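Fold and geometry: a report
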Amino acid sequence: MTTLKSTLRDDLQTAIKARDELRSATLRLTLTAISKEEVSGTKARELSDEEVLQVLAREAKRRREAADAFAQAGRTEQAEREQAEGEVLAHYLPRQLDDAELDRVVAEAVAEARAAGAEGPKAMGQVMKIVGPKVKGLAEGGRVAAAVKKALAGG
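Computed from a predicted structure; not experimentally measured.

Before going further, it helps to examine the overall build of the protein. Broken down by element type, the protein carries 7 helices and 0 strands. In sequence order, the secondary structure elements of the protein are arranged as α-α-α-α-α-α-α. Expressed along its principal axes, the backbone C-alpha trace of the protein runs to roughly 60 × 45 × 25 Å. Scored against the burial criterion, the 155 residues of the protein give a buried share of 33%. Considering only contacts in the protein between residues 6 or more positions apart, those separated by 24 or more positions represent 63%. When the accessible area of the protein is evaluated, it comes to approximately 9500 Å², of which 53% is carbon and sulfur surface.

Attention now goes to the packing of helix H1 (residues 3–17) against helix H2 (residues 21–39). Following both chains from N to C, one finds H1 and H2 inclined at 150°, their axes separated by 9 Å at the closest point. Considering their axes alone, H1 and H2 lie roughly antiparallel with respect to each other. The hand of the H1/H2 crossing is left-handed. On H2, the residues touching Lys5, Leu8, Arg9, Asp11, Leu12, Ala15 and Ile16 of H1 are Arg23, Ser24, Leu27, Arg28, Leu31, Ile34 and Glu38. Considering only residue class, the contact of H1 with H2 consists of 7 nonpolar, 1 polar and 6 charged.

The rules behind each value
Residues numbered from 1 in each chain as written. Predicted model: local features only at pLDDT ≥ 70, side-chain atom pairs only at ≥ 80, totals over all residues. Heavy atoms only, no water. Helix = DSSP H or I, 4+ residues; strand = E, 2+ residues; numbered from the N terminus. Buried < 20%, exposed > 50% of the residue type's maximum accessible area, 1.4 Å probe, protein only. Contact = heavy atoms within 4.5 Å. Areas by Shrake-Rupley, 256 points an atom, 1.4 Å probe, with all protein chains shown as cover. Axes fitted to C-alpha atoms, helices over the stretch in contact; angles between N-to-C directions. Parallel < 35°, antiparallel > 145°, perpendicular 65-115°, else oblique. Left-handed = near helix turned anticlockwise from the far one by under 90°. Nonpolar A, V, L, I, M, F, W, Y, C, P; charged D, E, K, R; others polar.

This is the structure we're talking about:
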């Protein structure tokens, strides 16, 4: 079993013993998502820590999107619940890059792409190929794409 998955299971047991309903429900759903991912495909397998992190990031994103949808629909109680679940999951994810750090990484990638001959908005794909591996798991794709568009348009 991966270390991150075992940590999640241990934390689930602790949350159950502490009667922390929010934390235990969130961790149960997350462990279920991990189990589903392990048995999907042609052959069941054990997920690596990196793959477990991807599942966690996907679950956290679902919580953020659901919270936004509930808030727009005027269902504040459900929105707060989804937000709280997202915060529980954020505890297990790596710290996200702030805007300044992301802009710095994007600026370096834009300079690298320009040195290779890519110019203007058409360089988006090339810059994304450079930035992608550097910020994987540290920034959401939409944020990265927006930062790249801004850098290409402004520079």
